[in-house]
Each structure stands twice: as C-alpha cells, then as structure tokens.
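Architecture at a glance
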Amino acid sequence: MQLPLLYVLLHFFAGNVAADYSPSAETKKVEPTKEAGATNVILQSKDGGHTWQDISHLLPETEERMGFFAGESEIYLSTKGALYHSRTHLKTPVWEKENLPDLKNTSIVFNQSGVIAFSNDGHIYRKKPSSDSDSYRNWLPIYTDLITHSVATIFEASDGTVFSGTGKSLSKSTDKAQSWKPVQKGWVDNIVESEGVLLATGQNGIMRSTDNGDNWEWGISEGGVGIAVERIDGGFAAIVYNTRTQARSIHTSFDGGKTWQAIDEGLQPSKNISSVKQLGGYLFVGHPDGIFRSSDMGNTWQRVHAGFGNPLYASLKFALWAPAAPVEKVFKLYVSGNVLYAVAVSPGC
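Procedures and definitions
- Residues numbered from 1 in each chain as written.
- Predicted model: local features only at pLDDT ≥ 70, side-chain atom pairs only at ≥ 80, totals over all residues.
- Heavy atoms only, no water.
- Pairing = 2+ DSSP bridges.
- Helix = DSSP H or I, 4+ residues; strand = E, 2+ residues; numbered from the N terminus.
- Axes fitted to C-alpha atoms, helices over the stretch in contact; angles between N-to-C directions.
- Buried < 20%, exposed > 50% of the residue type's maximum accessible area, 1.4 Å probe, protein only.
- Contact = heavy atoms within 4.5 Å.
- Core = buried A, V, L, I, M, F, W, Y, C linked by side-chain atoms within 4.5 Å.
- Salt bridge = Lys/Arg side-chain N within 4 Å of Asp/Glu carboxyl O.
- pLDDT = per-residue confidence, 0-100.
- Phe/Tyr/Trp six-rings, centres within 6.5 Å; stacked < 30°, edge-to-face > 60°.
- Lys NZ or Arg CZ within 6 Å of the ring centre and 35° of its normal.

On to the sheet that holds strand 14 (residues 181–185). Backbone-to-backbone hydrogen bonds pair the strands of a sheet. The strands run either parallel or antiparallel. Read from one edge to the other, the open sheet built from four strands follows the order 11-12-13-14, with strand pairing classed as antiparallel. The open sheet is flanked by strand 11 (151–156) and strand 14, the only strands paired with a single partner. Neighbour to neighbour, the strand axes of the sheet diverge by 20° on average, direction disregarded. Relative to strand 13 (residues 169–173), strand 12 (residues 162–166) runs antiparallel, the two sharing four bridges. Within the sheet, the bridge partner assigned to Val162 lies in strand 13 and is Ser173.

See the structure below:
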C-alpha cells in the first residue's frame, strides 16, 4: 500500500530537521513564544551562549520599534519617547532614563570621543563624562555645522576623521566637523575600521577604503544592499543581500577586506538573517531558525537557542508548493563586554 504524499513529505522533512536541530546539539535555552509581548523581547547570555536569561520583565517600556545599542561597558534602550541606559557588569540591567531632547528615532553610536546620540532629523549630541558636575545637561549638541535631515550614522576614525552617512551620501571632516567633504554617493550606514582599512555597508553591498575614506570600492557586491559589517579577530565579518538567491549571505575576510569567504553553508538560506557577532572564540549569527554559534569561524554551526519560527514548515513550503508563513520575529545580536544580548526584532530590521 502506498503512503499518501503528504505523509511521506512530512516524515522526510521532519527527519531532516531533527537531524539538523536535534536537542542533543543544543545547549540549555529559554524557549521563545510567538507573542511579541513582555517575554522573550531581550535575552542575555554571560557564558558564551551556553545558557540564556530572559530579562524582558525588567524593561521600562515595551514597544514594537524599540532600539537597542551596545557599547563596551553599557547598553542603551531607545523607545518612541525616551532613552534609557544600563551598565553591562550588573547581574541584570538597571535602566536609568536619559535627559535627552529631540527624541525622534534616536540612535546611539560608540565612538572614541564618547557616546553619541543622533536622530534622523539631524540632531546630534555627545554624552558628557559621568563625573561632570552638571548632571542635568549631560548631553551637548555637536556637529552643528552638518546640515542634513537624514542621518544614518556618525563614525570617528582612529585619526580623528569624522564620517557622516545619510540616505544620499557619505561625507568626511578632518577639522573636527567644521567643514565637510562628500566622498561617496548613495546610502551608507555601518562603518568599521581596522589597521588602516575602512569598511561600510552601502546600497550595493560592502565597500572598502584604504585612503582614509577619500575613495571607495565595492568589496562584496551581490546585487543587494549591505546589511552588516563587523570587526572580528584578524579580519572582518559581513552580511549582504544576494539578489540571485534572494537570501542574505554571511562572509569573512582575513586580508583587510580584499577577498571574502562565505561561511553560511551550514545554515538554512534566509532573507531575514539579522546579525553576525564575535564573542571570545565564537562567532554568533541571528537567524529566523534561532541563534547559532560557531567555534571554527563558520565552518560548522550549532544552534544554541531556538527561533520564533518552525524550520519544519519552512522546508515543507517548497515540497507542498504552499506560500511561506511570515516570520514574525528574529533575534538580533549585540555584544557588550562579555555579555551577548539577543533582541527580538521584526524581519528586515
């Protein structure tokens, strides 16, 4: 007697998923729910992804478009009408409200001169040292000569050069932001630097400069935008969107961004891969199927926390010719000190 096609497909794909994501291959985890409520909004791990703690109940506010930012020793939480910060060394976050005006889509960057906050409409502030006696005015306006209403990023290079990325161009200043010089057309966002090499995400992928940002070339270009670029030990890691596969691809480079190697062969292809981070000797990836960890720079991956979706259904959609169920959330990863944070965000963020 022949088995029904559906039963065969279910049995086949369930077996494959169980092989890829068997419980024995995962460490102790907090199982996420599918509700974007007060649980599983933010997780933290202080032991390299071995165990996770849900710290969502400690949030001062919970909003759909919550911003999270991580520096070396502190983290920031941005909501629609407020900005909070906490120290990383605490057992669990203790959120303190910041006195920052012009709170409209506030973003935080951590530069060598300190913590900088900026909004999309062009307001930019630097936080004063905590030892300053004037605690009320602890954020001061900076770069007031930068005339723009679309700030995507502010980056300070090791030699003091300041870069401002917008939705239309990238500009640089070598005189402490008194004057600005356009150096690249098009949307530019995340910028990192290592040993004289600058890399940035842009509208065509990952771009590279070796002359302090005066000239740029595309290091990775797969038809889509650059999603993320990070410094790792001995090189860089990056995520770009590949228009041929219609998925985000993950790469590493260990020659200053000249050549790149794909490291996502062991992961399910997805257009919603959120982030790649290094903590200690591990690489971590935020993926709709969960949080994955690699101890060999991406040659193999182990899932250390479940995701919000069901990988069985993701596989069955191809077999049954059914539309894919929408991915509700994906964990985006952040590193602060020796703590790894996983924040639930909407796909594509």
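For the rest of this paragraph, the subject is unusual backbone geometry. Trans is the prevailing form of peptide bonds, just as negative phi is the prevailing case for residues other than glycine. A positive phi is found at Asn212, a non-glycine position, where the angle reads about 65°. Along the chain, Asn212 turns up in the loop between strand 17 (205–209) and strand 18 (217–220). Its relative accessible area of 24% is what places Asn212 among the partly exposed residues.

Strands sit in the order 23-24-25-26 across an open sheet of four strands; the sheet is antiparallel. The sheet is open, and its two edges are formed by strand 23 (275–279) and strand 26 (302–306), each paired on a single side. The sheet shows a mean angle of 25° between the axes of neighbouring strands, direction not considered. Sheet analysis places strand 23 next to strand 24 (residues 282–287), joined by five bridges and oriented antiparallel.

Relative to the elements of secondary structure, Gly226 occurs in strand 19 (residues 223–232). Judged by its relative accessible area of 2%, Gly226 falls in the buried class. The residues contacting Gly226, other than those within four sequence positions of it, are Trp187, Thr201, Gly202, Gly205, Ile206, Ile239 and Val240.

Ile42, Phe68, Leu77 and Tyr341 are the most contacted members of the largest nonpolar core, which totals 17 residues. Elements supplying a minimum of two residues to this core: strand 4 (74–78), strand 27 (330–336) and strand 28 (339–345). Counting residues per element, this core draws most heavily on strand 28, at four residues. Listed in part, the 13 residues of the second largest apolar core include Ile232, Ile250, Ile263 and Val285.

Before going further, it helps to spend a moment on the pairing of strand 19. Across seven bridges, strand 19 lies against strand 20 (residues 235–242) in antiparallel orientation. Residue pairing for strand 20: Ala228 is matched across the bridge by Ile239.

In this section: the pattern of salt bridges. Tallying each qualifying case throughout the model produces seven salt bridges. Across the salt bridge formed by Glu98 and Lys127, the nearest N and O atoms sit 2.9 Å from each other. Of the two residues, Glu98 sits in the loop between strand 6 (96–97) and strand 7 (107–111) while Lys127 sits in strand 9 (residues 124–127), which places them 29 residues apart along the sequence. According to the relative accessible area criterion, Glu98 is buried, its value standing at 8%. Overall, Lys127 belongs to the buried group, its relative accessible area being 18%. Connected through salt bridges with shared partners, the residues Lys172, Lys181 and Asp214 form a single ionic network.

Next up on the list: the pairing of strand 12. Most of strand 12 is tucked away, with five of its five residues classed as buried. In this sheet, strand 12 lies alongside strand 11 in antiparallel orientation, the contact comprising five bridges. Of the residues in strand 12, the one forming a bridge with Glu156 is Val162. Where strand 11 folds back on strand 12, the antiparallel hairpin that results is connected by five residues, among which Gly160 adopts a positive phi of roughly 95°. Connecting strand 12 to the antiparallel partner strand 13 that follows it, the hairpin turn spans two residues.

The next point concerns the confidence of the model for the chain. Considering every residue of the chain, the mean pLDDT works out to 82; 78% of them sit at 70 or more. The low-confidence segment residues 132–136, where pLDDT is below 50, has two contacts with residues more than four positions distant or belonging to other chains.

Once that is clear, we can look at the packing of aromatic side chains. Taken as a whole and assessed by the stated rule, the structure comprises seven aromatic pairs. With a centroid separation of 5.4 Å and an interplanar angle of 50°, the aromatic rings of Phe68 and Tyr341 are classed as tilted. Here the residue Phe68 occupies a position in strand 3 (residues 67–70), and Tyr341 occupies one in strand 28, the gap between them amounting to 273 residues. Looking at Phe68, the relative accessible area reads 3%, which means it is buried. Through a chain of ring-to-ring contacts, the aromatic side chains of Phe68, Tyr334 and Tyr341 assemble into a single cluster. We note Arg293 situated over the ring of Tyr282; from NZ or CZ to the ring centre the distance is 4.5 Å.

Our focus in this paragraph is the environment of Ser113. Following the sequence through the fold, Ser113 ends up in the loop between strand 7 and strand 8 (114–118). When the C-alpha positions of Ser113 and Gly160 are compared, they lie 8.9 Å apart, and in sequence the two are 47 residues distant. In contact with Ser113, other than residues within four places in its own chain, are Arg126 and Glu156.

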